[in-house]
Number of protein chains: 2
Amino acid sequence: MTTLVFGHKSPDTDSTGSAIVWAWYLDHMGTKAEARLLGTPNTEAAFVAKHWGFELPPLLGDLAAGQKVVIVDTNNPAELPETINAADITAIIDHHKLVGGLETAGPIDITIRPLACTATLMYMLMGAHGGHAPDGIKGLMLSCIISDTLAFRSPTTTDTDRQVAERLARELGVDIPTLADAMFAAKSDVSRFSDAELLRMDSKEYTVEGVDFRVSVLETTAPQVILDRKASLMASMEAVAKEDGADQVLLFVVDIIREEATMLIPNDLTRTVAEKSFGATVTGDTVVLPGVMSRKKQIIPALKV
Amino acid sequence: MTTLVFGHKSPDTDSTGSAIVWAWYLDHMGTKAEARLLGTPNTEAAFVAKHWGFELPPLLGDLAAGQKVVIVDTNNPAELPETINAADITAIIDHHKLVGGLETAGPIDITIRPLACTATLMYMLMGAHGGHAPDGIKGLMLSCIISDTLAFRSPTTTDTDRQVAERLARELGVDIPTLADAMFAAKSDVSRFSDAELLRMDSKEYTVEGVDFRVSVLETTAPQVILDRKASLMASMEAVAKEDGADQVLLFVVDIIREEATMLIPNDLTRTVAEKSFGATVTGDTVVLPGVMSRKKQIIPALKV
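### Description of the pairing of strand S3 (residues 68-72) of chain B
Each regular strand displays side chains that alternate between the two surfaces of the sheet.
All names here are of chain B.
Right, on to step 1. A large share of S3 lies buried, amounting to four of its five residues.
Right, on to step 2. Where strand S1 (residues 3-6) and S3 come together, three bridges link them in parallel fashion. Residue pairing across strands places leucine 4 opposite valine 69, the latter belonging to S3.

Following this line, the structure appears as structure tokens:
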């Protein structure tokens, strides 16, 4: 049986790239494996796959009971197919907090490390095999790290992420700032997406004191393009939240260059969240949060209602 | 803050020994750490600690919110203090199936591998440091592996467990069969335990089709000593189950030498379990299950009601 390797339902560069990387590694080690997607990848992930010569993986479709799967870049059942616990999960490779809810039939390989990027952990797990990976696979790993660390600007960046990225860049003869610029330009090109698509593009569900949030982040080098659409984005929040079973969408537009986030404030609840969580003074329908770049390190741990 | 390292509530050799081993390793790497116990260790674990020159770790007592802890040899909240999710869990090192239910505030180090023994995984995680461990720590790791593999007889044994054990034995100049005999004799010396203590000594809770079982295993080289007490053991099952919130205790007396288990059959439910799960023909109040030695590999996956 072919093992299917996939990340979460909002495929970004790491979730898409590391699935392709690990499928290659399993194949390389003698286990037939293919990557899958659980949604439409963002524009950066699509650019990165093409840049390194890969087709985007096909959508997963229905997940059969007993299907061998490897889960990468998440351990959260809410971000995975509803039938995930009926699959034969053979490994989990992740860098997020343990959420609880996944179950396995027997003991399996689970490796979670507090790194910025799943691909960094994969490079470590591969040992000597990582050095022998084809350039495309090395390039994917490098792009995943650039993406998740925002080219080392994010506070999630560890020395290990940086060292692995710099080693891969050296071996590939790639200039990291140049590749990062191209990736971030691709990520910022969001004009063809609807408001609802933007709100769901890089979004995770979290519950704070009984309130279910969709915490959405858009990382961009051109925040004005998104902020020009703020009225219609805010108008779409209620329908998106309702459809997804959440109480409220929170949208943070992260300016990668200025290293700050702009949070949209459509109502009293979001104003309270901004004030209580970030000590912000809200006067209009947006508020700038200086230095805030990481949902994992800075937004989620701060959330209060 | 001192990091507290502990395993589950029914401390056996691996759960006790690997907590001491990892506390040593954290200390060795510059993080102040101490081992703790969550219950009275079995006679083999007590023998092993003394044999290698260690005091038994103190009991955990109340677990304060925010206390830094490392969890070893389990990832099951039912086997841990009720307040475990309020602690600051910094790492989980385990070789059991993922149960779900543990949550962490942020991403942490989680390593689970399908090995027979936690200590084997620790030896791998230590890398070169494992070779430089003091003899007592190496001895604990060796004893953990002998215990969890029943001296390589258990079907959970992997090549890695065996290789690590043989390497440690070589470095220590220890004969594995001789050490195993002494450990198993200690484990078989259960005369001073009450029936309720025996039923809880090596016990895990599992739910099968809505029925909550306490699945208890007693590994011994002298099964007759326990089976001579079968009437009073069976009489104690109802009270133990009730007190622990379970529907039924299942007791398997594993004969390490003959490589078989004897299951006690106090009532219709246990008879049905024996027949449906193991295809056994039950005629009296015990039934022999040839080749059954591992709760994890052979008993739990087979359980039907």
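Picking up after the structure, the text goes on.
### Quick word on the interface of chain B and chain A
Right, on to step 1. Across the contact, 23 residues belong to chain B and 23 residues belong to chain A.
Right, on to step 2. Between chain B and chain A, the buried area comes to about 1800 Å², and carbon and sulfur atoms account for 57% of it.
Right, on to step 3. When the area that chain B buries against chain A is broken down by residue, the three leading residues are Leu98, Pro107 and Ile110 of chain B, summing to 34%.
Right, on to step 4. Our count for the contact surface shared by chain B and chain A stands at two salt bridges.
Right, on to step 5. Linking aspartate 109 of chain B and arginine 113 of chain A is a salt bridge whose minimum nitrogen-to-oxygen distance equals 3.7 Å.
Right, on to step 6. Taken together, the connections running from chain B to chain A amount to eight residue pairs in polar contact (both at pLDDT 80 or more).
Right, on to step 7. By residue class, the composition of the side of chain B that touches chain A is eleven nonpolar, seven polar and five charged.

### With respect to the sheet that holds strand S7 (residues 211-220) of chain B
Sheet strands pair via backbone hydrogen bonds, and the direction of the pair is either parallel or antiparallel.
Residues and elements named next belong to chain B.
Right, on to step 1. One open sheet holds the five strands; their spatial order is S6-S7-S8-S9-S10, and the pairing between them is mixed. On the outer flanks of this sheet lie strand S6 (203-208) and strand S10 (286-290), each paired with one strand and no other. Direction aside, neighbouring strands of the sheet carry axes that sit 25° apart on average.
Right, on to step 2. For strand S8 (residues 248-255) and strand S9 (residues 260-264), the ladder comprises four bridges, and the chain directions are antiparallel.

### Regarding the pairing of strand S3 (residues 68-72) of chain A
Right, on to step 1. Summarising the sheet, S3 of chain A and strand S4 (residues 88-94) of chain A pair through five bridges and their orientation is parallel. Bridging across to S4 of chain A, valine 70 of chain A finds its partner in alanine 91 of chain A.

### Focus on unusual backbone geometry
Residues and elements named next belong to chain A.
Right, on to step 1. Backbone geometry at phenylalanine 152 places phi at a positive 70°, although glycine is not the residue there.
Right, on to step 2. Here phenylalanine 152 lies in the loop between helix H5 (135-149) and helix H6 (159-172).
Right, on to step 3. Positive phi, normally seen in glycine, also occurs at glutamate 259, with a value near 55°.
Right, on to step 4. Within the fold, glutamate 259 resides in the loop between strand S8 (248-255) and strand S9 (260-264).
Right, on to step 5. A relative accessible area of 32% means that glutamate 259 is categorised as partly exposed.

### Quick notes on the packing of H5 of chain A against H6 of chain A
For any two helices packed against each other, one specifies the crossing angle of their axes together with the interaxial distance.
All names here are of chain A.
Right, on to step 1. The N-to-C vectors of H5 and H6 enclose an angle of 140°; their axes lie 9 Å apart at closest approach. By the criterion of interaxial angle, the relationship of H5 to H6 is oblique. The hand of the H5/H6 crossing is left-handed. Residues Asp135, Lys138, Gly139, Met141, Leu142, Ile145 and Thr149 of H5 pack against Asp161, Val164, Ala165, Leu168, Ala169, Glu171 and Leu172 of H6.
Right, on to step 2. The residue inventory of the contact of H5 with H6, partitioned by class, reads eight nonpolar, two polar and four charged.

### A look at the sheet that holds strand S10 (residues 286-290) of chain A
Residues and elements named next belong to chain A.
Right, on to step 1. If you trace the five strands from one edge of the open sheet to the other, you get S6-S7-S8-S9-S10, paired in mixed fashion. The open sheet has two free edges, formed respectively by strand S6 (203-208) and S10, since each of these has just one partner strand. Each strand of the sheet is rotated relative to its neighbour by a mean of 25°, with strand direction disregarded.
Right, on to step 2. Across the sheet, helix H11 (residues 268-278) is in contact with strand S7 (211-220), S8, S9 and S10; its angle to S8 comes to roughly 55°.

### As for the pattern of salt bridges
Two side chains of opposite charge can pair, provided their charged atoms sit close to one another.
Residue and element names in this part refer to chain A.
Right, on to step 1. The tally for this structure, following the rule as stated, stands at 38 salt bridges over all chains.
Right, on to step 2. Here glutamate 79 and lysine 204 are joined by a salt bridge, their closest N and O atoms 3.5 Å apart. One end of the pair, glutamate 79, is in the loop between S3 and S4; the other, lysine 204, is in strand S6, and 125 residues separate them in sequence.
Right, on to step 3. Look at lysine 204 and you get buried, because its relative accessible area is 9%.
Right, on to step 4. Between glutamate 205 and arginine 214 there is a salt bridge whose closest N-O contact spans 3.9 Å.
Right, on to step 5. What makes arginine 214 buried here is its relative accessible area of 11%.
Right, on to step 6. When salt bridges with common partners are traced through the structure, they connect Arg200, Glu205, Arg214, Glu243 and Asp244 into a single cluster.

### As for the packing of aromatic side chains
Right, on to step 1. Per the stated rule, a full pass over the model turns up six aromatic pairs over all chains.
Right, on to step 2. Aromatic side chains tryptophan 24 of chain B and tyrosine 25 of chain B sit 6.4 Å apart centroid to centroid with 45° between the ring planes, which places their arrangement in the tilted category. The residues tryptophan 24 of chain B and tyrosine 25 of chain B share a single accessibility class, namely buried.
Right, on to step 3. An aromatic cluster is built from Trp22, Trp24 and Tyr25 of chain A, whose rings are joined through pairwise contacts.

### Considerations on the domain arrangement of chain A
All names here are of chain A.
Right, on to step 1. On domain assignment, one finds that chain A holds domain 1 (3-185) and domain 2 (195-302).
Right, on to step 2. The gap between the C-alpha centroids of domain 1 and domain 2 is 25 Å.
Right, on to step 3. Across the contact, 17 residues belong to domain 1 and 17 residues belong to domain 2.
Right, on to step 4. Buried area between domain 1 and domain 2, summed over both chains or domains, comes out near 1500 Å², and the portion from carbon and sulfur atoms is 57%.
Right, on to step 5. The largest per-residue losses of area from domain 1 upon contact with domain 2 belong to Leu150, Arg153 and Pro155, which jointly make up 33% of the total buried on that side.
Right, on to step 6. One can count three residue pairs in polar contact (both at pLDDT 80 or more) joining domain 1 with domain 2.

What counts, and at which threshold
Residues numbered from 1 in each chain as written. Chains lettered and ligands numbered in written order. Predicted model: local features only at pLDDT ≥ 70, side-chain atom pairs only at ≥ 80, totals over all residues. Heavy atoms only, no water. Buried < 20%, exposed > 50% of the residue type's maximum accessible area, 1.4 Å probe, protein only. Helix = DSSP H or I, 4+ residues; strand = E, 2+ residues; numbered from the N terminus. Pairing = 2+ DSSP bridges. Contact = heavy atoms within 4.5 Å. Buried area = accessible area lost by both parts, 1.4 Å probe. Salt bridge = Lys/Arg side-chain N within 4 Å of Asp/Glu carboxyl O. Polar contact = N/O pair within 3.5 Å; in protein donor to acceptor, adjacent residues only side chain to side chain. Nonpolar A, V, L, I, M, F, W, Y, C, P; charged D, E, K, R; others polar. Axes fitted to C-alpha atoms, helices over the stretch in contact; angles between N-to-C directions. Parallel < 35°, antiparallel > 145°, perpendicular 65-115°, else oblique. Left-handed = near helix turned anticlockwise from the far one by under 90°. Phe/Tyr/Trp six-rings, centres within 6.5 Å; stacked < 30°, edge-to-face > 60°. Domains from an automatic or database assignment.

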